[in-house]
Every structure is written in C-alpha cells, then in structure tokens.
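# Analysis of the macromolecular model
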Amino acid sequence: MIRMIRLSGRHSAGSRTGVPWWLTALLVGLLAHCGGGSAAAQDWFRTGTGLGVSKARVAVADWSPKSPTSQPLSGLFTNVVRADLDYSGILELVSNSFYPLQAPSAPAELNFKAWADPPASVQLLAFGNLMASENTLEIQAWLYDVRNDSLPPVIGKVYRGDVTETQVRAFAHQFADEIISKLSGGLPGVASTQIAFVSNRSGTKEIWVMDYDGENQRQVTQLHTIALTPRWSPDATRIAFTCYQPRATGSSPTAQICVYSTGANRLISWPRYQGTNASPAWSPDGSQLMFMSSMLGNPELFVAEASGGRPKRITFSSGASTSPTYNPKSGQQVAFISDRGGFPQLFIMSADGSGPAKVDLPDMGYVIDPSWSPNGQLLAFSWRRPNGNYDLYAMDITTHALVELTRDEARNERPSWAPDGRHLVFESTRTGTRQIWTMLADGTSSRQVTKEGQNESPNWSPK
C-alpha cells in the first residue's frame with residue numbers, strides 16, 4: 001500500500017497548486033516498486049534504489065556552531081548526515097563545491113533563490129545549528145523545499161542529549177533517516193541500524209556489533225571459543241548465533257545455539273542438544289527459531305520455541321539441510337540449502353516443512369547462504385558456478401530472473417538484506433583478507449566497513 005504524506009499547504013515548484021514536485025516523483029517510484037511479482041529483478045532494483053526514477057537533488061549545508069567549542073561536533077553532524085544521504089540510493093547529494101557562500105543556520109536566514117538557482121540547482125536543503133555547552137547538547141535541524149518559499153519546512157526537529165560524539169552521530173543518523181523516510185513515502189532508512197558480525201581480532205571468533213557505516217565497532221560476546229552465524233531477532237533485542245560450548249560440565253564443546261540479549265548485555269539460557277546445532281533463523285514474529293541439528297542423526301532442520309523448548313524436526317531427506325531463512329513478508333515460506341541431490345542446492349518449502357522443492361538455476365554449482373529480502377520478493381545467495389568463483393546473486397522468486405551482483409576473483413559470501421531492501425551487507429576476500437562490505441542492492445556502490453582482523457558472517461539488524 002502506498003502511504004501518502006500530508007503536508008498542508010505545500011505546492012509544486014512549477015505552479016501554486018497541487019503537490020510538491022518531490023512527492024510526485026516518489027509516488028512514481030513507489031508505484032513501480034510496489035508492482036506485481038512479474039517484474040524482472042533488475043526492474044525491481046532500478047525502482048527500489050531510485051535508479052531510473054527522478055532523484056531529488058539534496059544539499060546539506062554546514063551546521064552552524066553556536067559557540068567555538070561546538071565547531072568539531074557541528075562538523076561531525078554535518079559529515080554524518082551527508083554520508084548517510086549519499087549512501088541512501090534514493091537521492092542525488094549535491095556537491096558542496098556548488099553551494100552558495102552563505103549557509104543558513106535558521107529558517108529566517110534561508111535564501112531560497114540562491115540555493116534553487118544554478119550552479120547548486122538544489123531542490124531540498126538540510127541545514128541547522130548546534131550548541132554544545134558543558135553537558136548540554138542541542139541540535140536544531142530543518143529540511144526545506146527551496147523551490148517554493150511559501151511552504152513550511154518538510155522537517156523541523158530539535159535533538160537534545162549528552163555532549164558526546166556517539167550522541168551526535170546517533171542524532172545525525174536519526175535526522176538522515178527522517179529525510180529518507182519523507183523521500184521514500186515512509187519506507188525506512190538504515191542510518192540508525194546496526195550490523196552484527198563475527199571477528200577474530202580479540203584472539204577467538206566472537207560476536208561483534210557496529211553501526212551500519214562501520215563506526216562504533218564493539219565486541220559483545222566473551223566466549224573464548226568459536227561464535228558463528230549471528231542473526232538478529234525481528235525486534236532487534238536478541239542475537240541468536242552458533243556457539244561452541246559443552247553440553248555438560250566436563251564434556252567437549254560442540255556446536256550449539258546461543259542467544260544474546262542486547263538489552264541485558266548477556267547470554268540468555270537456551271537448551272543444549274545432542275549432536276551439531278547451528279545456523280539459527282528467527283520466524284518473522286520472533287516466536288520461533290529454526291536451526292540445523294543432528295540431534296537425531298542426520299543434519300536436518302528443526303523448529304523450536306524462541307526459548308529453545310519443544311524442538312520439532314521438519315525436514316526429512318538422505319542429505320544434510322542447513323541455512324534456513326524465513327520469508328519475512330509472509331512467514332509461510334522458508335528457503336534453505338540441502339545437499340540431498342549430491343551437492344549444496346537451493347530449496348524452498350512451507351514453514352512447517354511441507355512441499356520442499358529445489359529451485360532450478362540455469363547452471364550447476366554450489367549454492368550457499370540464502371537471504372530473503374524484506375519485501376519477500378527476492379532471494380540473495382552465494383553461488384559458485386562451474387569453474388567459477390563464489391559470487392552473489394539475487395533472484396526473483398516468482399520469475400526466477402537472476403541478477404549477478406558481484407563479479408571478481410574474491411570469495412563473496414553471506415549476503416544479508418538491510419531493512420530498507422535497498423542495501424546488502426556481505427563478506428568478501430577482495431582485499432586479501434576476509435572483511436565486511438556493504439553495497440546497494442543492484443551491486444553498485446560497494447564499501448568496506450571492517451579492516452582489522454578477519455571478519456565474517458554479517459547480519460543487518462531489522463531496525
């Protein structure tokens with residue numbers, strides 16, 4: 001459903017009646033984005049990332065410091081907002097080399113014509129001021145349509161908090177997400193989201209978390225063994241992952257399911273089962289976890305309550321089944337990997353395990369790491385074609401149309417969708433070491449977000 005934005009009294013740039021030009025443009029994009037499942041995957045990418053749709057030209061003026069000591073933080077706020085908008089995929093960020101000499105710090109100082117005319121030719125302008133004194137931080141932030149000076153601000157916000165770089169970054173992410181939400185008809189931005197991943201930089205593989213842009217990286221587990229495959233819960237309050245811990249005192253460590261609470265900053269009790277237990281996946285409502293287990297012999301998929309109770313086997317085959325991922329839109333389908341045909345292949349089944357069917361691909365090879373897009377329309381996965389390399393692909397589940405997202409000599413694996421459906425995070429060895437990268441969902445604008453140690457298994461938070 002397309003959600004209209006009601007902005008009382010707003011008009012288009014070309015006339016004094018109607019809706020603003022940028023609202024019309026985003027509705028055109030949303031109509032294409034919300035089209036039927038028969039559209040090719042490439043068409044979905046083109047509309048989902050704003051490609052092929054008229055993008056708003058947005059400028060971010062330097063935030064005005066209200067005191068000399070506020071200068072570093074105002075510069076930080078400006079740079080973070082610019083970076084967030086530039087990577088959103090839905091707008092064109094105008095270079096500050098085209099900006100007028102005078103930047104407004106408040107609406108009364110805004111010269112609409114100077115920003116709307118060449119060379120800037122801006123359509124939307126973000127600006128404001130920042131005051132940091134002792135322990136008090138106040139940031140005023142506006143977004144204006146500079147093509148029409150009779151209109152109220154598109155956004156007007158005041159942020160107050162502690163005088164820290166972390167707080168300034170958080171407010172900048174929030175403001176960028178406000179802008180992105182307005183320009184995408186309410187679809188979420190990702191500037192305030194986080195990415196969980198595995199890193200060995202502390203000596204053993206532990207679960208780490210970072211901001212979506214790679215900032216604020218911190219270790220969250222201290223198991224001193226091996227942690228793998230982190231998965232955020234739908235409400236982003238828990239991270240389920242594969243851990244190596246003994247089933248009982250004195251026994252050898254085996255692969256088990258662990259759950260970490262981000263609010264309590266500790267592990268939550270979860271049952272230990274026989275055999276190997278790995279690759280957890282949350283149901284869209286957060287009430288269940290699906291995982292691979294050999295508790296009954298053959299590695300198969302089981303589903304249990306979120307607390308770990310009442311595990312139930314749901315796949316039955318002569319091969320191994322692993323790496324489940326729920327369709328987040330319906331919750332009624334699960335994609336997974338099975339080697340029941342002799343080598344790892346992609347399968348889709350109902351969430352109760354019924355009707356498993358192999359997804360036919362136009363070539364042979366190993367398929368691993370499926371990840372379902374937020375709209376339930378696309379599957380991303382890593383595929384090693386014959387005589388080829390592990391590269392990332394996305395497939396429309398209705399038409400089976402394929403798009404190759406990476407193509408290089410490195411291993412590209414473990415894709416995970418951002419909640420906006422416009423970005424992916426993945427692991428790659430393209431720099432010589434295993435690191436975490438992000439990119440737009442059409443495969444462009446790849447960006448390395450980790451550099452220290454070996455880093456793998458990224459998972460993008462749902463909010």
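Preceding this section is the structure that the text describes.
As the structure is a prediction and not an experimental result, all values here were calculated from the model.

## Some words on the overall build of the protein chain
Assigned secondary structure in the protein chain consists of five helices and 30 strands. The 463 residues of the protein chain split such that 52% are buried. Put simply, 45% of the contacts in the protein chain that link residues at least 6 apart link residues at least 24 apart. When the accessible surface of the protein chain is summed, it comes to about 19400 Å², and 49% of that surface belongs to carbon and sulfur atoms.

## Describing the sheet that holds strand β16 (residues 300–305)
Backbone-to-backbone hydrogen bonds join strands into a sheet, with any given pair of strands oriented parallel or antiparallel. Read across the sheet, four strands follow the order β14-β15-β16-β17 without closing on themselves; strand pairing throughout is antiparallel. Unpaired on one side and paired on the other, β14 (277–282) and β17 (312–313) mark the two borders of the sheet. For strand β15 (residues 288–293) and β16, the ladder comprises six bridges, and the chain directions are antiparallel. Paired with S293 across the two strands is E300, which belongs to β16.

## Here's the deal with empty space enclosed by the protein
Applying the stated rule across the entire model yields two cavities of 30 Å³ or more. As a volume, the second largest cavity reaches approximately 40 Å³. Every residue along the wall of the second largest cavity is listed here: D84, Y87, S88, I180, G189, V190, A191, Y212, D420, R422 and H423. When grouped by side-chain class, the residues that make up the lining of the second largest cavity number five nonpolar, three polar and three charged.

## What about the packing of aromatic side chains?
Throughout the structure, instances matching the rule amount to 18 aromatic pairs. An angle of 25° between the planes, with centres 5.6 Å apart, marks the rings of F336 and F347 as stacked. Of this pair, F336 sits in strand β19 (residues 333–338) while F347 sits in strand β20 (residues 345–350), and the two are eleven residues apart along the sequence. Residue class for F336 comes out buried when judged on its relative accessible area of 0%.

## Regarding the pairing of β14
Within β14, six of the six residues are buried, which leaves the element mostly enclosed by the surrounding structure. Looking at chain direction, β14 and β15 are connected through four bridges and run antiparallel. When the bridges of β15 are listed, A281 appears paired with M290.

## A closer look at the layout of surface pockets
The space that makes up the largest pocket amounts to roughly 990 Å³. Of all the secondary structure elements, the ones that give two or more residues to the lining of the largest pocket are β10 (227–232), β11 (238–246), β14, β18 (321–326), β22 (366–372), β26 (412–417) and β30 (455–460).

## Considering the state of the cysteines
As enumerated under the stated definition, the model contains one disulfide in all. Residue C243 pairs covalently with C258 via a disulfide, S to S 2.0 Å. Every disulfide takes its handedness from the sign of the S-S torsion; for C243 and C258 that torsion is 70°, giving right-handed. Of this pair, C243 sits in strand β11 while C258 sits in strand β12 (residues 253–261); the two residues are 15 residues apart in sequence, bridging distant segments of the chain. When its relative accessible area of 0% is taken as the criterion, C243 is described as buried. By relative accessible area, which is 2% here, C258 ends up buried.

## Brief notes about the sheet that holds strand β7 (residues 194–199)
Taken together, four strands build an open sheet; the order of strands is β9-β8-β7-β30 and the sheet is antiparallel. The sheet terminates laterally at β9 (218–219) and β30, the two strands that pair on one side only. Judged from the four bridges that link them, β7 and β30 form a sheet pairing that is antiparallel. In the strand pairing of β30, I195 is matched with W460.

## Comments concerning helix α5 (residues 165–183)
Between its first and last C-alpha, α5 extends 27 Å over 19 residues, near the 27 Å set by a 1.5 Å rise per residue. Buried within α5 we find V168, R169, F171, A172, H173, F175, A176, D177, I179, I180 and L183.

## Observations regarding the pattern of salt bridges
Throughout the structure, instances matching the rule amount to 19 salt bridges. Between K113 and D117 there is a salt bridge whose closest N-O contact spans 2.5 Å. Look at D117 and you get partly exposed, because its relative accessible area is 27%. Here R160 ties to E138 by a salt bridge, and the two come within 3.0 Å at their closest N and O atoms. One end of the pair, R160, is in strand β6 (residues 155–161); the other, E138, is in strand β5 (residues 136–145), with 22 residues separating them in the sequence. One connected set of salt bridges, linked through shared partners, spans R411, E413, E427 and R434.

## With respect to unusual backbone geometry
For the bond from P118 to P119, the omega torsion is 10°, close enough to zero to count as cis. Even without a glycine there, the phi angle at S323 is positive, about 55°. For S323, the location among the structural elements is in strand β18. One non-glycine residue, D369, lies in the positive phi region at around 60°. Inspection of the secondary structure puts D369 in strand β22.

Definitions and limits used
Numbers given for residues are sequential positions, taken from 1 along each chain in its written order. Side-chain atom pairs in this predicted model are given and counted only at pLDDT of 80 or more, local residue features only at pLDDT of at least 70, and totals for whole chains, interfaces and linings cover all residues. Derived side-chain values reflect all non-hydrogen atoms in the structure, with water molecules and hydrogen atoms excluded from consideration. Think of it this way: any DSSP run of H or I at least four residues long counts as a helix, any run of E at least two long counts as a strand, and we number them from the N terminus. Each residue's exposure class comes from its accessible area (1.4 Å probe, protein chains only) as a fraction of the maximum for that residue type: buried when under 20%, exposed when over 50%, partly exposed otherwise. By the convention used here, residues are in contact when the closest approach between their heavy atoms is within 4.5 Å. Note on areas: Shrake-Rupley, 1.4 Å probe, and residue coverage restricted to the protein chains presented here. Following DSSP output, two strands are said to pair if at least two bridges run between them. We place a 1 Å grid over just the protein atoms. Points where a 1.4 Å probe fits but has no way out form a cavity, open points with protein on both sides within 12 Å along at least 5 of 7 lines form a pocket, and any residue with an atom within 4 Å of a point lines it. Grid points are joined across faces, edges and corners, and a volume is the space filled by probe spheres set on the points. Lys, Arg, Asp and Glu make up the charged group, whereas Ala, Val, Leu, Ile, Met, Phe, Trp, Tyr, Cys and Pro make up the nonpolar group; the residues left over, Gly among them, are polar. Any two of the Phe, Tyr and Trp rings considered here, Trp counted by its six-membered ring, make a pair once their centres fall within 6.5 Å; the pair's planes then place it as stacked at under 30 degrees, edge-to-face at over 60, or tilted in between. Disulfides are defined as cysteine sulfur pairs within 2.5 Å. Helix span, expected: 1.5 Å multiplied by one less than the number of residues in the helix. When a carboxyl oxygen of Asp or Glu lies within 4 Å of a side-chain nitrogen of Lys or Arg, that pair is called a salt bridge.

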